[in-house]
Amino acid sequence: MSDSRSRSSPPAPQAALDALLGDAAGNNPIRRAMWLDELDRRLSPLLPPPLAAHARLANVDGDRLVYLVDSPVWHARLRLAANELVDVARSLGLDVTRLVVRTTRQLPGTSVQPGPTAVPMSATARKALRDALASLRGPGDEPAKDGS
């Protein structure tokens, strides 16, 4: 038997997205976020490749293009490319005259790479770990400098 319900109605996520995008008032934040993302995709290839990986369009605020970068070095590099970027944005139909660059720790849309974290261990657990590691060493291997 076939299930006719799945054929007659759109999937729930698509229906929810359609409802969110159906705002007739014109001030839909989701629609604006999608527009900014598309604009970022159009402007990003015009930046030098190393810079493009560290810069993201955050907003178009009146006559300003607002970009986020992840370090002061990229802030300076993007400022050097400001005139060209504003010219390209104007060629796309935006009425912008200047570029604002903000430095942030992490760009939107990027993931944080987990770093090593210290796990508190009791002396007994530390000794058991040291013994387990020692059992894995071969006859010619020397223990690490920290005593493990």
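You'll find the structure just up there.
Considerations on the overall build of the protein chain
Secondary structure summary: the protein chain contains 7 helices and 3 strands in total. Each helix and strand of the protein chain, ordered N terminal to C terminal, gives the series α-α-α-α-β-β-α-α-β-α. A total of 148 residues make up the protein chain; the buried ones form 24% of that total. Within the protein chain, contacts between residues at least 6 apart in sequence are counted, and of these 50% link residues at least 24 apart. By element, 56% of the accessible surface of the protein chain is carried by carbon and sulfur atoms, the whole surface being about 10900 Å².

Some words on the nonpolar core
With 22 residues, the main nonpolar core has Leu-47, Leu-65, Tyr-67, Leu-78, Leu-85 and Leu-99 as its most contacted residues. Going through the elements one at a time, helix H3 (29-43), helix H4 (49-52), strand E1 (55-61), strand E2 (64-69), helix H5 (72-80), helix H6 (82-91) and strand E3 (98-103) are the ones with two or more residues in this core. Of all the elements, H6 adds the most residues to this core, at 4 residues. If near-sequence neighbours (up to four positions away) are discounted, Leu-65 is found in contact with Leu-43, Leu-57, Asn-59, Val-60, Leu-85, Ala-89, Leu-94, Val-96, Arg-98, Leu-99 and Val-100.

A few points about the pattern of salt bridges
Applying the stated rule across the entire model yields 7 salt bridges. One salt bridge connects Arg-41 with Asp-37, and the closest N-O pair in it is separated by 2.5 Å. Note that Arg-41 and Asp-37 are positioned in helix H3 at a spacing of 4 residues, about one turn of the helix. Residue classification places Arg-41 among the exposed residues on the basis of a relative accessible area of 55%. Arg-64 is the partner of Asp-61 in a salt bridge, and the nearest nitrogen-oxygen pair spans 2.4 Å.

Points about the environment of Val-100
Along the polypeptide, Val-100 turns up in strand E3. When the C-alpha positions of Val-100 and Leu-68 are compared, they lie 8.7 Å apart, and in sequence the two are 32 residues distant. Excluding residues within four positions of it along the chain, Val-100 makes contact with Arg-64, Leu-65, Val-66 and Tyr-67.

Points about the pairing of E1
The pairing of E1 with E2 spans 6 bridges and is classified as antiparallel. Of the residues in E2, the one forming a bridge with Asn-59 is Val-66.

Considerations on the sheet that holds E2
An order of E1-E2-E3 is seen for the 3 strands of this open sheet, with the pairing classed as mixed. Each having just a single partner strand, E1 and E3 make up the two edges of the open sheet. Between one strand axis and the next, the sheet turns through 25° on average, direction left out of account. In the packing of H5 onto the sheet, the strands contacted are E1, E2 and E3, and the crossing angle to E3 comes to about 175°.

Cut-offs and rules
- Residues numbered from 1 in each chain as written.
- Predicted model: local features only at pLDDT ≥ 70, side-chain atom pairs only at ≥ 80, totals over all residues.
- Heavy atoms only, no water.
- Helix = DSSP H or I, 4+ residues; strand = E, 2+ residues; numbered from the N terminus.
- Buried < 20%, exposed > 50% of the residue type's maximum accessible area, 1.4 Å probe, protein only.
- Contact = heavy atoms within 4.5 Å.
- Areas by Shrake-Rupley, 256 points an atom, 1.4 Å probe, with all protein chains shown as cover.
- Core = buried A, V, L, I, M, F, W, Y, C linked by side-chain atoms within 4.5 Å.
- Salt bridge = Lys/Arg side-chain N within 4 Å of Asp/Glu carboxyl O.
- Pairing = 2+ DSSP bridges.
- Axes fitted to C-alpha atoms, helices over the stretch in contact; angles between N-to-C directions.

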